[in-house]
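Letter by letter, the chains look like this.
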Amino acid sequence: MAAAKKRCAKVGGVRFPEELPSVGAPSHVHFDEKLHDSVVMVTIEDDGNFMVKVGFLKTQHRYEIVFTLPEVPALGKDVCPAPLPNPHLKITNISAAPEGGLKITCEYLALQEGVLCEEVLLLSETNDDVCVRVKVHARVMDRHHGTPMLLEGVRCIGTELEYDSEQSDWQGFD
């Protein structure tokens, strides 16, 4: 048995043992080295808009997310966020990235659990007809389910108080 090799099935960068461990025995999951490059992913969609994947976040937490969009010549150099209010996602800074493109800093408030998508619009200050939609995708887990490993470019900047109606001091009607 000591000479027997453990065989592993490889599925999408993660290897699981083919044999199930016995009850009470420790089990391990092994990740490929290329998966350790954990950064915010920015992809361009077919319609020219952008999707930004920020990974796992936790409910009742506020995050700062920094990412770089590739250069969009139609937007020009002067870009601003659309004045449409989004209670969960707010752009706090837009600047030129040293490597080209736009460095975007935004604040994200994760209030509910699930796979969430929030959108903001970037407008050109020189051409009123041009705008780019940026969708931010996050997988938000409940605050009682552990601490997520944040991607590079994402940092927690605070927590929000959760309202619990059972903690109210209201006595009700007489």
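Values in this document were obtained by computation on a predicted structure and should not be read as measured data.

When its secondary structure is counted, the chain shows zero helices and twelve strands. Order of helices (α) and strands (β) in the chain, N terminus to C terminus: β-β-β-β-β-β-β-β-β-β-β-β. Of all 174 residues assigned to the chain, the portion counted as buried reaches 29%. Excluding contacts between residues fewer than 6 apart, the proportion of contacts in the chain whose partners are at least 24 apart in sequence is 63%.

Glancing now at the pattern of salt bridges. Close approach of charged atoms allows side chains with opposite charge to pair. All chains considered together, the criterion is met by six salt bridges. For Lys-77, the salt bridge is made with Glu-71, and the minimal N-O distance between the two is 3.9 Å. For the pair shown, Lys-77 and Glu-71 are each scored as exposed. A salt bridge links Glu-119 to Arg-133, with the shortest nitrogen-to-oxygen separation between them at 2.9 Å. Here Arg-133 lies in strand S11 (residues 131–141) and Glu-119 lies in strand S10 (residues 114–124), a separation of 14 residues in the sequence. Since its relative accessible area comes to 34%, Glu-119 is described here as partly exposed.

With that out of the way, let us pick up the sheet that holds strand S12 (residues 154–159). Hydrogen bonds along the backbone pair up the strands of a sheet, which may run parallel or antiparallel. Ordered by their spatial adjacency, four strands build an open sheet running S8-S9-S6-S12, and the pairing between neighbours is antiparallel. With partners counted over all chains shown, the strands left at the sheet margins are strand S8 (89–96) and S12, one partner each. The average undirected angle you get between the axes of adjacent strands in this sheet is 20°. The sheet contact formed by S8 and strand S9 (residues 102–110) spans seven bridges and is antiparallel. Bridging from a neighbouring strand, Ile-91 pairs with Cys-106 of S9.

This brings us to the confidence of the model for the chain. Looking at the chain, pLDDT values average 80 and 72% of them are 70 or higher. The least confident element of the chain is strand S1 (residues 8–11), whose mean pLDDT is 40; the most confident is strand S6 (residues 61–69), at 94. Long-range and interchain partners of residues 1–14, a stretch whose pLDDT sits below 50, account for 20 contacts in this model, where long-range means more than four residues apart.

Take the environment of Gly-76 next. In this fold, Gly-76 is placed in the loop between S6 and strand S7 (79–81). Considering only alpha carbons, one finds Gly-76 and Thr-126, 50 residues apart in sequence, at a separation of 7.1 Å.

What follows is about the nonpolar core. Core analysis: the largest hydrophobic core is formed by 29 residues, its most contacted members being Val-54, Leu-57, Ile-65, Phe-67, Tyr-108, Val-134 and Val-154. Val-54 has contacts with Val-40, Ile-65, Val-136, His-137, Ala-138, Leu-151 and Val-154, leaving out every residue within four places of it along the chain.

With that settled, consider the sheet that holds S10. The five strands lie next to each other as S4-S5-S11-S10-S7, forming an open sheet whose pairing is mixed. This sheet does not close on itself; its edge strands, each paired only once, are strand S4 (41–44) and S7. The average undirected angle you get between the axes of adjacent strands in this sheet is 30°. In this structure, S4 lies alongside strand S5 (residues 50–58), joined through four bridges in antiparallel fashion. Paired with Met-41 across the two strands is Lys-53, which belongs to S5.

Here is what the cut-offs are and how they apply
- Residues numbered from 1 in each chain as written.
- Predicted model: local features only at pLDDT ≥ 70, side-chain atom pairs only at ≥ 80, totals over all residues.
- Heavy atoms only, no water.
- Helix = DSSP H or I, 4+ residues; strand = E, 2+ residues; numbered from the N terminus.
- Buried < 20%, exposed > 50% of the residue type's maximum accessible area, 1.4 Å probe, protein only.
- Contact = heavy atoms within 4.5 Å.
- Salt bridge = Lys/Arg side-chain N within 4 Å of Asp/Glu carboxyl O.
- Pairing = 2+ DSSP bridges.
- Axes fitted to C-alpha atoms, helices over the stretch in contact; angles between N-to-C directions.
- pLDDT = per-residue confidence, 0-100.
- Core = buried A, V, L, I, M, F, W, Y, C linked by side-chain atoms within 4.5 Å.

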